[in-house]
Amino acid sequence: MKTILLLGAGKSATVLINYLLKETAENKWKFIIADANKEQILLKTNNSRFAEAVQLDITNDRKREKIIQRAHVVISMMPPALHFLVAKDCVEYRKHLLTASYLDTNIKSLRDEITQRKLLFLCEAGLDPGIDHMSAMKIIDAIKTKGGTVTSFKSHCGGLVAPESDNNPWHYKISWNPRNVVLAGNAGAKYKLNNTIQHKSYEELFKNCSCVHIDGIGKLAVYPNRDSLSYIPLYKLNNVETFIRTTIRYPSFCEGWNAIVKADLGNATIEINTDKLSFVKWSAAIIPFINDDNQTMLQWLGLFEETMVSVAAKTSADILQFLLETKLAMQPTDKDMIVMLHEIDYTLAGKTTKIESSLIVKGEDSLQTAMAKTVGLPLGIAAKLILNGQLKLTGLHIPIIKEIYDPILKELEINGIRFTEKEI
């Protein structure tokens, strides 16, 4: 019996689990879900007879290897640092592997073995990275097919709170891994702007953020995301004048987060002593960066409370994460929202044209989130395509080739993830 193994049943796996339960029932496949919290699996599957729930410590080599051997396709929703444990086993036992995380050097080191064993390892197949790659490459390939030349590429994406659930001064709520929110941008960013390579440090990222306009939403802020330059050759845009990938937030978020970064309150490396430490004492370094625009936000987050830091914390980042999870938690009926915008300029027959392709997806509630839908569905669709024999590709890939992106985007449209495109 064809078997799908899902490792991880956290925030971003909810919609993926529902999708695979349905496909498993229809195709008579086996669906195994493994997580450190078995009760969480049973809650999300509603004790469905079409899923087997397994409690698993992913670092337990023997148990991990044993369960991976049972699968045909493995989907890893584990934290990025743990993917390599899974990847090595998938190579050893000849299993296809799908992840939503960035392709790192550890996984790349397995490229030759993956190819030799005729396996498909598909990384960056979630939302961002993932749907952003697929939708952008569809446009780029279409431009090239008709003889056009892309001169500028800007891609923006962010997970936000939906307007109807927006009731805090940050205009933000946590719909994905809160640790990733704390650490976002800490590696800085590099990109290409008007034929000039730009570098921005972590301390510069959130200062004076640029803005874009999204139809139906309005003005949103953007800040550069990681290493955009590495995608220029992958997108085959070596002569492009501008190439930048950004993260979308509401403008006020950048104002508040800039102060947090300047005060180094997200530091995850330096250990601190929290004994008899109050929140206001912990956050004292932020005082020089308080202004009329961010004071309400910082106060609302709890930075100036006299109460003691009660959370078990080793670093400043741990305390900040606790506050975010407490103050910016989604309530049961809250809705999140995914917003994506591609701005692509190209020339054809001496004429310059700009394409704007936008996506807005809203969640249903705090469990069936837009984040879970857009991260999980591409992975589920890819797994189905592999098991049905529709995706025969092998090797190590991200979803930038038509053989991958075309069928996934078509089914995403059926599931309500649909782009609106216009030429300017």
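Here, every reference points to the structure presented above.
Note that the structure is predicted; figures quoted are calculated from it, not measured.

Criteria and cut-off values
- Residues numbered from 1 in each chain as written.
- Predicted model: local features only at pLDDT ≥ 70, side-chain atom pairs only at ≥ 80, totals over all residues.
- Heavy atoms only, no water.
- 1 Å grid on protein atoms, 1.4 Å probe; cavity = no way out; pocket = protein on both sides within 12 Å on 5 of 7 lines; lining within 4 Å.
- Points joined across faces, edges and corners; volume = space filled by probe spheres on them.
- Nonpolar A, V, L, I, M, F, W, Y, C, P; charged D, E, K, R; others polar.
- Salt bridge = Lys/Arg side-chain N within 4 Å of Asp/Glu carboxyl O.
- Helix = DSSP H or I, 4+ residues; strand = E, 2+ residues; numbered from the N terminus.
- Buried < 20%, exposed > 50% of the residue type's maximum accessible area, 1.4 Å probe, protein only.
- Contact = heavy atoms within 4.5 Å.

> I tried to follow empty space enclosed by the protein on my own but got confused; where do I start?
In this approach the atoms are scanned with a rolling probe the size of a water molecule, which exposes any empty space left behind. A complete count under the given rule lists three cavities of 30 Å³ or more for this structure. In this structure, the largest cavity occupies an estimated 50 Å³ of space. Considering the residues around the largest cavity, the lining is formed by His-83, Leu-97, Thr-99, Ser-101, Tyr-102, Leu-103, Asp-104, Ile-107 and Cys-123. By residue class, the composition of the lining of the largest cavity is five nonpolar, three polar and one charged.

> Would you mind showing me how to read the pattern of salt bridges here?
Where charged atoms from two side chains of opposite charge approach closely, those side chains can pair. Under the criterion given, the structure shown has 19 salt bridges. Where Asp-61 meets Arg-64, a salt bridge forms, and the shortest distance between an N and an O atom there is 3.0 Å. Taken together, the residues Asp-61 and Arg-64, both in helix 3 (residues 61-68) and three residues apart, mark about one turn of the helix. Take Arg-64: its relative accessible area is 3%, and that puts it in the buried class. Across the pair Asp-334 and Lys-173 runs a salt bridge whose closest N-O atoms are separated by 2.7 Å. Residue Asp-334 is located in the loop between helix 14 (316-327) and strand 13 (336-348), and its partner Lys-173 is located in the loop between strand 7 (149-161) and helix 8 (178-183); the two are separated by 161 residues in the primary sequence.

> I tried to follow the environment of Arg-117 on my own but got confused; where do I start?
With respect to the element layout, Arg-117 can be found in the loop between helix 6 (111-116) and strand 6 (120-122). For the pair Arg-117 and Arg-94, spaced 23 residues apart in sequence, the C-alpha separation works out to 6.8 Å. When residues no more than four places from it in sequence are discounted, the contact partners of Arg-117 are Val-91, Glu-92 and Arg-94.

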